[in-house]
Amino acid sequence: MASSTEDVEDSTGQEIRLVESQEWWVARDVETGVASQGKTRQAALENLDEAVALHRGEIGRPPTDEELRELGIDPDDNVTGDQGLPDVLE
């Protein structure tokens, strides 16, 4: 299946880029750069809504150091890298 790209604007004026690639839809919020995916277009958009809300601090909370240690993650070594977007999202 060839991939396709679609730019849409939701009811809030938020610009979203949708990419259909093989078995997945990838949705990216253009303003924040936050991306998510789903098996369907609708699932990708719903997952993106949640990811953007998390990014903006509207839902969720950061994990505690204790929770990170329980998952085998050393909080002192846990840093966010500055990585570029995958080709499919460019």
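Everything that follows concerns the structure shown earlier in this document.
Analysis parameters
- Residues numbered from 1 in each chain as written.
- Predicted model: local features only at pLDDT ≥ 70, side-chain atom pairs only at ≥ 80, totals over all residues.
- Heavy atoms only, no water.
- Buried < 20%, exposed > 50% of the residue type's maximum accessible area, 1.4 Å probe, protein only.
- Helix = DSSP H or I, 4+ residues; strand = E, 2+ residues; numbered from the N terminus.
- Pairing = 2+ DSSP bridges.
- Salt bridge = Lys/Arg side-chain N within 4 Å of Asp/Glu carboxyl O.
- Phe/Tyr/Trp six-rings, centres within 6.5 Å; stacked < 30°, edge-to-face > 60°.
- Lys NZ or Arg CZ within 6 Å of the ring centre and 35° of its normal.
- Lys, Arg positive; Asp, Glu negative; His and termini not counted.
- Polar contact = N/O pair within 3.5 Å; in protein donor to acceptor, adjacent residues only side chain to side chain.
- Contact = heavy atoms within 4.5 Å.

Peer 1: Would you take a moment to explain the pairing of strand 4 (residues 35-38) for this structure?
Peer 2: Look at any regular strand and the pattern is simple: side chains alternate between the two faces of the sheet. Side chains Ser36 and Gly38 of strand 4 all project onto a buried face; the interleaved residues Ala35 and Gln37 project onto a face where none is buried. Between strand 3 (residues 24-29) and strand 4, which follow one another and run antiparallel, lie five residues, and Gly33 among them has a positive phi close to 80 degrees.

Peer 1: Just to check I follow, could you spell out the pattern of salt bridges for this structure?
Peer 2: If you walk through the whole model with that rule in mind, you get two salt bridges. When the shortest N-O distance is used, the salt bridge between Lys39 and Glu23 registers 3.4 Å. In this pair, Lys39 is assigned in the loop between strand 4 and helix 1 (41-55) and Glu23 in the loop between strand 2 (15-21) and strand 3, connecting sequence segments 16 residues apart. With its nearest N and O atoms 2.7 Å apart, the salt bridge here joins Arg61 to Glu67. Taking the relative accessible area as the measure of exposure, Glu67 reaches 27% and is therefore partly exposed.

Peer 1: When you look at the side chain of Gln14 in this model, what are you seeing that I'm missing?
Peer 2: Considering the arrangement of structural elements, one finds Gln14 in the loop between strand 1 (4-9) and strand 2. By relative accessible area, Gln14 is classed as buried at 14%.

Peer 1: Mind showing me how you'd approach the packing of aromatic side chains here?
Peer 2: Centre-to-centre distance and the angle between the planes together describe a pair of aromatic rings. Under the definition given, this model contains zero aromatic pairs. Over the face of the ring belonging to Trp24 we find Lys39, whose NZ or CZ atom lies 4.7 Å from the ring centre.

Peer 1: What is the right way to read the side chain of Asp29 from this model?
Peer 2: Assignment of secondary structure puts Asp29 in strand 3. Of the buried charged residues, Asp29 lacks a salt bridge, with Arg56 as the closest side chain of opposite charge at 4.6 Å. A polar contact of 2.3 Å, which involves the side chain of Asp29, links it to the side chain of Gln14. Once you skip the residues sitting within four places of it in the chain, Asp29 turns out to touch Gln14, Glu15, Val34, Leu48 and Val52.

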